[in-house]
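Coordinates in review
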Number of protein chains: 2
Amino acid sequence: MGTTIKDIAEKAQVSIMTVSRVMNNSGYVAEATREKVMKAVQELNYQPNLLARSLINRKSSFVYVIVPDISNPFYADLTKGVESVAHQEGYHIILSSAYWNVAMECGHIEAARGRMAEGIILVLPKLPEKEILAYSRNIPLVVVDKHIVSPRIANIYIEQDHGAGLGVEHLIALGHRRIAFLSGTKNIYNSQARFRGYRTTLEKHDIPFDQKLVFPGDFSFVSGTAAFEHFLTLPQTRRPTALFAASDLMALGFMRSAYQHHFRVPDDISVVGFDDISLASITNPPLTTVRHPYIEMGRDAMKLLLNKLDPEKHLSTGDKLFNTFVERETTKPLTAG
Amino acid sequence: MGTTIKDIAEKAQVSIMTVSRVMNNSGYVAEATREKVMKAVQELNYQPNLLARSLINRKSSFVYVIVPDISNPFYADLTKGVESVAHQEGYHIILSSAYWNVAMECGHIEAARGRMAEGIILVLPKLPEKEILAYSRNIPLVVVDKHIVSPRIANIYIEQDHGAGLGVEHLIALGHRRIAFLSGTKNIYNSQARFRGYRTTLEKHDIPFDQKLVFPGDFSFVSGTAAFEHFLTLPQTRRPTALFAASDLMALGFMRSAYQHHFRVPDDISVVGFDDISLASITNPPLTTVRHPYIEMGRDAMKLLLNKLDPEKHLSTGDKLFNTFVERETTKPLTAG
DNA sequence: TTGTAGGCGTTATCAA
DNA sequence: TTGATAACGCCTACAA
């Protein structure tokens, strides 16, 4: 506790510079001297103070990760991806939740600057793009899972139109034509993208779009249960035979409510979700969905940041990420009638 | 980027000390001077370097949180609890996953020391107690969710015997007497505690313990599905009418497999889990379980650490934490026959 | 009310 | 191959 380079120097009867050289394997040190130093290091259980080192190198090896809420499985997965690359490259991550609150986001960003963080990974921020741009002039910043227009902001984002189309294509291939859409939170870009994918895919197959088949939701489990109530209010003949939900949570909520009303999935109605959260494969029946690759997004975000920090090092972010379709057991072919 | 106290001093035509005083609201500063300084701060967008400050104060405001795997919902919840208290008190958390690997745990602990972390919250470590004790002499350390014998190690741990008993009591109250136990990973203290709770509760009610009704498992979803296969191998008359699983994940796996074999829960067999992970309330049907309060454990762990760091400040860790029974829809009274 | 000197633990630079 | 000195950005203690 509190052993410094000076203590080692004293104990080993050398100058602090020599100790420093040993610790960093830099410059020339006679083998005998090195051993003397190492012995002192062992005995005093010395560890260099990395903060002091940061001060002089201007390299803290800290990266801030700001997520909406770490207890949300999406962001936990994303964080895992970030962490795996970070540790591999010797960085440590400082985690903060901002709870969809602009003021908290700003607070965390300021804190990151103050702590000499080398960069920030900002997940689904509420902060307007303009302000993000302003911050990004002070500190390297990567925005994840939010659609960004400015080419000046580093960004990991998957255009989810295509992914949503995958889910709808599958339902259409099974013969469904009355396909409902359970939408995400209004005015969120991700919601809109998923909706666009739904609508354009319908059009591509000459299936008329019906506003009545668009159920309101907010990505949450309960909004899924509410959607089923909404479904019940539709006259029998106008009910959809399939549902495409903008999130797995809503799909699950819908299914739960359906079961309580003695509807069977997929027998009475097919359901496709979006996200592929870890629960999706565990539910009963397991949910057919569109996978949004959070872990990989986290990984790539960190790599992108690292490449910014050190242009020498070109970490490959692999191929561009995209959504993939995952067929499980909540869909089945439309039977006549 | 890189604005220092010197730049401000120069711009405001004052000494460094005056700037320092303004930034810290300490000592006397004439109002006019203060304004001059603040103006320079604004214009140059200055932020004090907290690492440099840490060096002097010997107070980094960093706390390391070392979990087995952040993408696991338990630990994400726990981390959330830690974070909520930490931020409130001005601390930042550095998150690391150790993946049940002793070497990684040690690595993270060393890193924490090197980074001048003020403390470590160590969740379910693999590290032997003796080594933890050794580390805890160098840096304040709180061990969470692992049973610790030594009174010298700060610890947040719930004796889960009692909680497990709650689940079994419920089944017994419903008339069940042939109650199976689906066990967790062998040789893990938590598994043993949950098993003890099962067994002693049985004995309390004069229900003979039957080793055949103890199914092996490892806390995972798949080990739950395997357990159902095991269940099927039992002769009809010797099958349990209820199952108490040492984890929700296993309970869910068991149920999934059960449904695939056209068994109904709770009609054909009652199921109780343990943990109350967020999925538990979302499944179909929602799972009756014993809640293990991860968020609260995280909160209390951080408070305990804070109290260690600053004995002046007595953050109440509230009442002692315990497991609670959560009744949902996977159990029902045993019907004659 | 303000400024000067010294140091926190480390490394870069230059000299020996 | 080693060591003295001056930084890094800031704060404490003391002086003016």
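The rules behind each value
Residues numbered from 1 in each chain as written. Chains lettered and ligands numbered in written order. Predicted model: local features only at pLDDT ≥ 70, side-chain atom pairs only at ≥ 80, totals over all residues. Heavy atoms only, no water. Helix = DSSP H or I, 4+ residues; strand = E, 2+ residues; numbered from the N terminus. Contact = heavy atoms within 4.5 Å. Buried < 20%, exposed > 50% of the residue type's maximum accessible area, 1.4 Å probe, protein only. Polar contact = N/O pair within 3.5 Å; in protein donor to acceptor, adjacent residues only side chain to side chain. Least-squares fit on C-alpha atoms with pLDDT ≥ 70 in both. Near = heavy atom within 4 Å. Nonpolar A, V, L, I, M, F, W, Y, C, P; charged D, E, K, R; others polar. Patch = residues over 30% accessible without salt bridge, like charges linked within 9 Å, V, L, I, M, F, W, Y side chains within 5 Å. Areas by Shrake-Rupley, 256 points an atom, 1.4 Å probe, with all protein chains shown as cover. Salt bridge = Lys/Arg side-chain N within 4 Å of Asp/Glu carboxyl O. Pairing = 2+ DSSP bridges. Right-handed = clockwise from strand over helix to strand, strands pointing away. Buried area = accessible area lost by both parts, 1.4 Å probe. Axes fitted to C-alpha atoms, helices over the stretch in contact; angles between N-to-C directions. Parallel < 35°, antiparallel > 145°, perpendicular 65-115°, else oblique. Left-handed = near helix turned anticlockwise from the far one by under 90°. Domains from an automatic or database assignment.

Section: the side chain of His92(A)
Summarising the element assignment, His92(A) is placed in strand 2 (residues 92-97). Setting aside chain neighbours within four positions, we find His92(A) in contact with Ser61(A), Phe62(A), Val63(A), Tyr64(B), Ile94(B), Ala111(B) and Arg115(B).

Observations concerning the side chain of Ser60(A)
Mapping Ser60(A) onto the fold places it in the loop between helix 4 (50-57) and strand 1 (62-67). With relative accessibility at 1%, the residue Ser60(A) sits in the buried group. Looking at Ser60(A), its side chain comes within polar contact range of the main-chain oxygen of Met116(A), at 2.5 Å. Excluding residues that lie within four positions of it along the chain, Ser60(A) makes contacts with Ser54(A), Arg115(A), Met116(A), Ala117(A), Glu118(A), Leu51(B) and Arg115(B).

Topic: the relation of the copies chain A and chain B
In screw terms, the move from chain A to chain B is a rotation of 180° and a rise of 0.0 Å along the axis, fitting with an RMSD of 0.1 Å. In the structure described here, the two chain copies are related by an operation that fits a two-fold rotation axis. Ranked by how close their C-alpha atoms come to the rotation axis, the residues of chain A are headed by Ile94(A), at 2.1 Å. Both copies contact each other with a shared surface, as 100% of the interface residues of chain A are interface residues in chain B too.

Some remarks on the protein's contact with DNA strand C
For DNA strand C, the set of nearby residues contains 25 residues, the closest of which are Ile5(A), Arg53(A), Thr18(B), Thr33(B) and Arg58(B). A share of 60% is what sugar and phosphate atoms reach among the atoms of DNA strand C within 4 Å of the protein. Between DNA strand C and the protein, one listed contact pairs a phosphate oxygen with a side-chain N or O atom of Tyr46(A) at 2.7 Å. Arg21(B) places a polar side-chain atom, nitrogen or oxygen, 2.6 Å from a base nitrogen of DNA strand C. Of all elements in the fold, only helix 1 (5-12), helix 2 (16-24) and helix 4 of chain A together with helix 2 (16-24) and helix 4 (50-57) of chain B reach the threshold of two or more residues within the surface near DNA strand C. Here the surface near DNA strand C is composed, by residue class, of 13 nonpolar, 8 polar and 4 charged.

Section: the protein's contact with DNA strand D
Inspection of the region around DNA strand D gives 24 residues, with Arg21(A), Thr33(A), Arg58(A), Ile5(B) and Arg53(B) positioned closest. Here the atoms of DNA strand D within 4 Å of the protein split so that 65% fall in sugar or phosphate, with bases taking the remainder. For DNA strand D, a phosphate oxygen lies 3.4 Å from a polar atom in the side chain of Lys6(B). The backbone of Ala52(B) places a nitrogen or oxygen atom 3.5 Å from a base nitrogen of DNA strand D. Contributing elements (two or more residues each) for the surface near DNA strand D: helix 2 and helix 4 of chain A together with helix 1 (5-12), helix 2 and helix 4 of chain B. For the surface near DNA strand D, a count of residues per class yields 13 nonpolar, 7 polar and 4 charged.

Comments concerning a nonpolar patch on the surface
A contiguous nonpolar surface patch, about 400 Å² in accessible area, is contributed by Leu55(A), Ile56(A), Leu55(B) and Ile56(B). The set of elements that each furnish at least two residues to the nonpolar patch consists of helix 4 of chain A together with helix 4 of chain B.

So, the pairing of strand 6 (residues 179-182) of chain B
Residue and element names in this part refer to chain B. Where burial is concerned, the two faces of strand 6 agree: the one with Ile179 and Phe181 and the one with Ala180 and Leu182 are both buried. Here strand 6 pairs with strand 8 (residues 242-245) via 4 bridges, running parallel. If you follow Ile179 over to strand 8, its bridge partner there is Ala242. A crossover links strand 6 with its parallel partner strand 7 (residues 214-215), the connecting element being helix 9 (residues 189-204), and its sense is right-handed.

What to know about the pairing of strand 6 (residues 179-182) of chain A
Taken together, the 2 bridges between strand 6 of chain A and strand 7 (residues 214-215) of chain A define a ladder with parallel strand orientation. Counterpart to Leu182(A) in the pairing with strand 7 of chain A is Phe215(A).

Re unusual backbone geometry
Note the cis peptide between Val265(A) and Pro266(A), where omega equals 5°. Positionally, Pro266(A) belongs in the loop between helix 11 (248-260) and strand 9 (270-275). Put simply, Asn284(B) and Pro285(B) share a cis peptide bond, and its omega is -10°. With respect to the secondary-structure elements, Pro285(B) resides in the loop between strand 9 (270-275) and strand 10 (288-291). A positive phi angle, close to 45°, is found at Leu124(A), a residue other than glycine.

Side note on the interface of chain A and chain B
Taken residue by residue, the interface counts 54 residues in chain A and 54 residues in chain B. Buried area between chain A and chain B, summed over both chains or domains, comes out near 4,900 Å², and the portion from carbon and sulfur atoms is 54%. Where chain A meets chain B, there are 2 salt bridges. The closest approach of N and O atoms between Asp69(B) and Lys80(A), which form a salt bridge, is 3.0 Å. Listed by contribution, the elements that provide at least two residues to the side of chain A that touches chain B are helix 4, strand 1, helix 5 (73-88), strand 2, helix 6 (102-114) and helix 11 of chain A.

Topic: the sheet that holds strand 1 (residues 62-67) of chain B
Overall, mixed pairing links the 10 strands, which are arranged 5(A)-4(A)-3(A)-1(A)-2(A)-2(B)-1(B)-3(B)-4(B)-5(B) in an open sheet. At either end of the open sheet lies a strand with only one pairing partner, and these are strand 5 (154-156) of chain A together with strand 5 (154-156) of chain B. Each strand axis lies, on average, 25° off the axis of its neighbour in the sheet, ignoring direction. Here strand 1 of chain B pairs with strand 3 (residues 119-123) of chain B via 4 bridges, running parallel.

Considerations on the packing of helix 8 (residues 160-173) of chain B against helix 9 of chain B
Residues and elements named next belong to chain B. Two numbers describe how helix 8 lies on helix 9: the axes approach to 7 Å, and their chain directions differ by 45°. On the basis of the axis angle, helix 8 is oblique to helix 9. When the axes of helix 8 and helix 9 are compared, the crossing they make is right-handed. For the pair helix 8 and helix 9, the contacting residues are Gln160, Asp161, Ala164, Gly165, Val168, Glu169 and Ile172 in the first and Asn190, Ala193, Arg194, Arg196, Gly197, Tyr198, Thr201, Leu202 and Lys204 in the second. Taken together, the residues that form the contact of helix 8 with helix 9 break down as 6 nonpolar, 5 polar and 5 charged.

What about the domain arrangement of chain A?
Residues and elements named next belong to chain A. Examined at the domain level, chain A breaks down into domain 1 (5-48), domain 2 (62-158 + 294-319) and domain 3 (161-292). Just the C-alpha atoms count here: the centres of domain 2 and domain 3 sit 31 Å apart. Listed by partner, the interface residues are 10 residues for domain 2 and 9 residues for domain 3. Of the roughly 860 Å² buried between domain 2 and domain 3 on both sides combined, carbon and sulfur atoms contribute 53%. On the surface where domain 2 and domain 3 come into contact, there are 1 salt bridge. Of the charged contacts, one joins Glu296 and Arg291 as a salt bridge, the two residues approaching to 3.0 Å between their closest N and O atoms. Scanning the region where domain 2 abuts domain 3 turns up 5 residue pairs in polar contact (both at pLDDT 80 or more).

Topic: the sheet that holds strand 11 (residues 324-326) of chain B
All names here are of chain B. Judged by pairing direction, the sheet is mixed, and its 6 strands sit side by side in the order 7-6-8-9-10-11 without closing on themselves. Only two strands of the sheet have a single partner each, and these edge strands are strand 7 and strand 11. Of the pairings in the sheet, the one linking strand 10 to strand 11 comprises 3 bridges and is antiparallel in character. Pairing of Thr289 across the sheet is with Val326, part of strand 11. Relative to the sheet, helix 11 (residues 248-260) contacts strand 6, strand 7, strand 8, strand 9 and strand 10, its axis offset from that of strand 9 by approximately 150°.

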